[in-house]
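Examining the three-dimensional arrangement
Here are the chains, one letter per residue:
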Amino acid sequence: MAKRKSSRSAADGPEPTPNSPPHSLPLGKSWQARIGAARDTLAEQFVESLSFDQRLARHDVAGSIAHATMLAKMKLISQAELEQIKGGLNKILADIEAETFHFDIRQEDIHMAIEAALIAQIGEAGKKLHTGRSRNDQVALDVRLWCLEAIDLLTGKIADLQRSLVWLARQYGSFPMPAYTHLQRAQPITIGHELLAYVEMLQRDQDRLADCRRRTAVSPLGGGAVAGSTLPLDRRYAAALLNLPTVTDNSLDSVSDRDFAAELVFCLSLIGVHLSRWAEQWILYSSTEFNFIRIADAYTTGSSMMPQKRNPDLLELTRGKAAGILGNLVALLSMLKGQPLAYNRDMQEDKRWLFSAYDTAEASVTMAAKIVAHTQFNTQVISQRLDEGFLDATVMAEYLVKKGVPFRTAHHLVGTLVSLCETKNLQALSELPLDLMQQHSPVIAADVFEVLGAAKAIHSYQSHGAGGVRQLQLQLAKWDRQLKN
Ligand code: ARG
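The shown structure was predicted, so the numbers you read here are calculated from the model rather than taken from an experiment. (Residues numbered from 1 in each chain as written. Predicted model: local features only at pLDDT ≥ 70, side-chain atom pairs only at ≥ 80, totals over all residues. Heavy atoms only, no water.)

Next up on the list: the site of the ligand. Neighbouring the ligand are the residues Ser49, Asp109, His111, Arg135, Asn136, Val139, Tyr343, Arg345, Gln348 and Lys351. Within the side chain of Asn136, an N or O atom sits 2.9 Å from a nitrogen atom of the ligand. In this structure, Lys351 approaches the ligand through a side-chain N or O atom, which is 2.6 Å from an oxygen atom. When isolated, the ligand has an accessible area of 350 Å², and the protein chains bury 87% of it. Counting residues per element, the shell around the ligand draws most heavily on helix α7 (residues 135-172), at 3 residues. The class makeup of the residues in the shell around the ligand is 2 nonpolar, 4 polar and 4 charged. (Near = heavy atom within 4 Å. Polar contact = N/O pair within 3.5 Å; in protein donor to acceptor, adjacent residues only side chain to side chain. Areas by Shrake-Rupley, 256 points an atom, 1.4 Å probe, with all protein chains shown as cover. Helix = DSSP H or I, 4+ residues; strand = E, 2+ residues; numbered from the N terminus. Nonpolar A, V, L, I, M, F, W, Y, C, P; charged D, E, K, R; others polar.)

This is the structure we're talking about:
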């Protein structure tokens, strides 16, 4: 790599003069009086976060307006100054949103870029905005506000995915399919039951997000740099303006706490894990070996060499992208673990992992809802092979229990009957003649044929939450009620 000799290049623009007033100097930093204007382009690039924290602009402006409103209430700035600040900030935000705002990474971050633009625009009143505030509590607030919005958006997207799954569960509702343990055929269930298992997982994700939201909606504003302020700040008032029900109680913790971000990324990680498990299941189901589902063409891809291929790439990417979210969680926790109190610049990196984790989770959830809405279950293929694998063996054992046979004895007995089928090359327990079964247990009567066969078994489940048709109807009704809004 070429070594940079000079710290400045022509592309850096005019050299800032340390003595000129800040409003004529949009690139001058607020702390430049003490540090001086010596610059190194590489250092500026290394230290900046503006390239990725621009997405905090809206939250930064909201936080600043709340802060300024509180300063005016406490008579630390005048009403006229507040109006100037609000006008200036709203104009800057409009410029940012219209992409007409000129960002320069030499401003370091979104907070300084906005403050410098405000001072350039309104002069003296702009210099009062940062009264009783540090970038440390400012960024802590902005990130919390961003997280709250992200949680609300994602909650809606997850609900959409849940609704897609419930819709699909209705389409294929009571068709039977095998349930697996150890990826070996285990017991018959309804297709709807399996689909609703994912709805349950996603509901826990929703609950976790709601819980995380509660701990995030706390205002750190007023924590200042590290110790608070000697000015009379009404922290609760500023928080209320931002719809935050409470404020933090320890200034050190206020500026160094990123637990809420780590919690959110953990929630996102688990969402990623859930989606990855679903993707893996459906990758298997879409294989020729299973052939349980057909995903619509728009959500599969072809092969550059093999003309016949319909690959589940989107599901594979869902599985693959989840790895990135887990990586983001480890990065965020590792970034935090060695830090002494209170704010350290390491924390600037939190946004990379937080944003990346959210973007990946959000994209995956949105895509999953579409894939689910465009997938068919091959019910015929599934039912053709439904009686392979003795899915009804447990049902038969429980039939014996109902006739008074101890479960262990029944288990042993049905195991023996299954081996008998295998030696006689029979595919199912129902293919055994009744008298042969009776030789093993006299309690077996002709009514055994009413429960044998996987398709029948799904009508005999009785326990709450079981994989049967009756339970499915109850669960569908529950989700319809819960996901109505
Ligand atoms: N860009 C910084 C961050 O994201 C803002 C806070 C900077 N604070 C400071 N004392 N240098 O963390």
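Turning our attention to the environment of Val226. Here Val226 lies in the loop between β3 (218-219) and α9 (235-241). Overall, Val226 belongs to the partly exposed group, its relative accessible area being 34%. Residues Val226 and Ala410, 184 residues apart in the sequence, show an inter-C-alpha distance of 69 Å. Each residue touching Val226, except ones within four places of it in the same chain, is listed here: Ser251, Leu252, Val255 and Ala342. (Buried < 20%, exposed > 50% of the residue type's maximum accessible area, 1.4 Å probe, protein only. Contact = heavy atoms within 4.5 Å.)

A word on the side chain of His274. Within the secondary structure layout, His274 lies in helix α11 (residues 259-285). Given the relative accessible area of 8%, His274 is considered buried. Setting aside residues no more than four positions away along its own chain, His274 makes contact with Met201, Asp205 and Arg208.

Packed helices, taken two at a time, are described by the angle between their axes plus the distance between the axes. Packing of α11 against helix α13 (residues 350-373) brings their axes to within 9 Å, and their N-to-C directions diverge by 35°. For the pair α11 and α13, the crossing hand works out as left-handed. Judged by residue contacts, Ala261, Leu264, Val265, Leu268, Ile271, Leu275, Trp278 and Trp282 of α11 engage Trp353, Leu354, Ala357, Tyr358, Ala361, Ser364, Val365, Ala368, Ile371 and Val372 from α13. (Axes fitted to C-alpha atoms, helices over the stretch in contact; angles between N-to-C directions. Left-handed = near helix turned anticlockwise from the far one by under 90°.)

This part covers empty space enclosed by the protein. This model, assessed by the stated rule, comprises 3 cavities of 30 Å³ or more. Approximately 60 Å³ is the volume attributed to the largest cavity. As for the largest cavity, its lining consists of Leu161, Leu165, Tyr198, Met201, Leu202, His274, Leu275, Trp278, Ala368 and Val372. Class assignment for the residues of the lining of the largest cavity results in 9 nonpolar, 1 polar and no charged. (1 Å grid on protein atoms, 1.4 Å probe; cavity = no way out; pocket = protein on both sides within 12 Å on 5 of 7 lines; lining within 4 Å. Points joined across faces, edges and corners; volume = space filled by probe spheres on them.)

So, about the packing of aromatic side chains. By the definition in use, this model includes 10 aromatic pairs. Ring plane angle 55° and centroid distance 4.8 Å describe the contact between Phe101 and Phe103, whose orientation is recorded as tilted. Since its relative accessible area comes to 21%, Phe103 is described here as partly exposed. Aromatic pair Trp146 and Phe355: ring centres 4.6 Å apart, planes at 55°, arrangement tilted. Separated by 209 residues along the polypeptide, Trp146 in helix α7 and Phe355 in helix α13 bring together distant segments of the chain. Look at Trp146 and you get buried, because its relative accessible area is 6%. By relative accessible area, Phe355 is classed as buried at 5%. Ring-pair connections join several aromatic residues into one group, and the members of that group are Tyr172, Trp278, Trp282 and Phe377. The lysine or arginine in question, Arg55, covers the ring of Phe355, its NZ or CZ lying 4.6 Å from the ring centre. In this arrangement the basic side chain of Lys73 is found over the ring face of Tyr237, its NZ or CZ atom lying 4.8 Å from the centre. (Phe/Tyr/Trp six-rings, centres within 6.5 Å; stacked < 30°, edge-to-face > 60°. Lys NZ or Arg CZ within 6 Å of the ring centre and 35° of its normal.)

Let us look at the confidence of the model for the chain. For any part of a model where pLDDT is low, the fine detail of the predicted coordinates should not be relied upon. Chain-level pLDDT for the chain is 93 on average; 94% of the residues reach the 70-or-more range. pLDDT under 50 marks residues 1-26. Its contacts with residues more than four places away, or in other chains, come to 33 contacts. (pLDDT = per-residue confidence, 0-100.)

Here 6 bridges tie strand β1 (residues 176-181) to strand β2 (residues 184-190), and the two strands are oriented antiparallel to one another. Among the inter-strand pairings, Ala179 is bridged to a residue of β2, identified as Gln187. Between β1 and β2, which pair antiparallel and follow one another directly, the connecting turn spans 2 residues, one of which, His182, has a positive phi of 55°. (Pairing = 2+ DSSP bridges.)

For the rest of this paragraph, the subject is the nonpolar core. In this structure, Leu161, Leu268, Trp278, Trp282, Leu354 and Phe377 are the most contacted members of the largest nonpolar core, which totals 109 residues. Among residues more than four places away in sequence, those in contact with Phe377 are Leu168, Tyr172, Ile191, Leu195, Trp282, Phe292, Ile293 and Ile382. Val405, Leu413, Val418 and Leu436 belong to the second largest nonpolar core, which has 23 residues in total. (Core = buried A, V, L, I, M, F, W, Y, C linked by side-chain atoms within 4.5 Å.)

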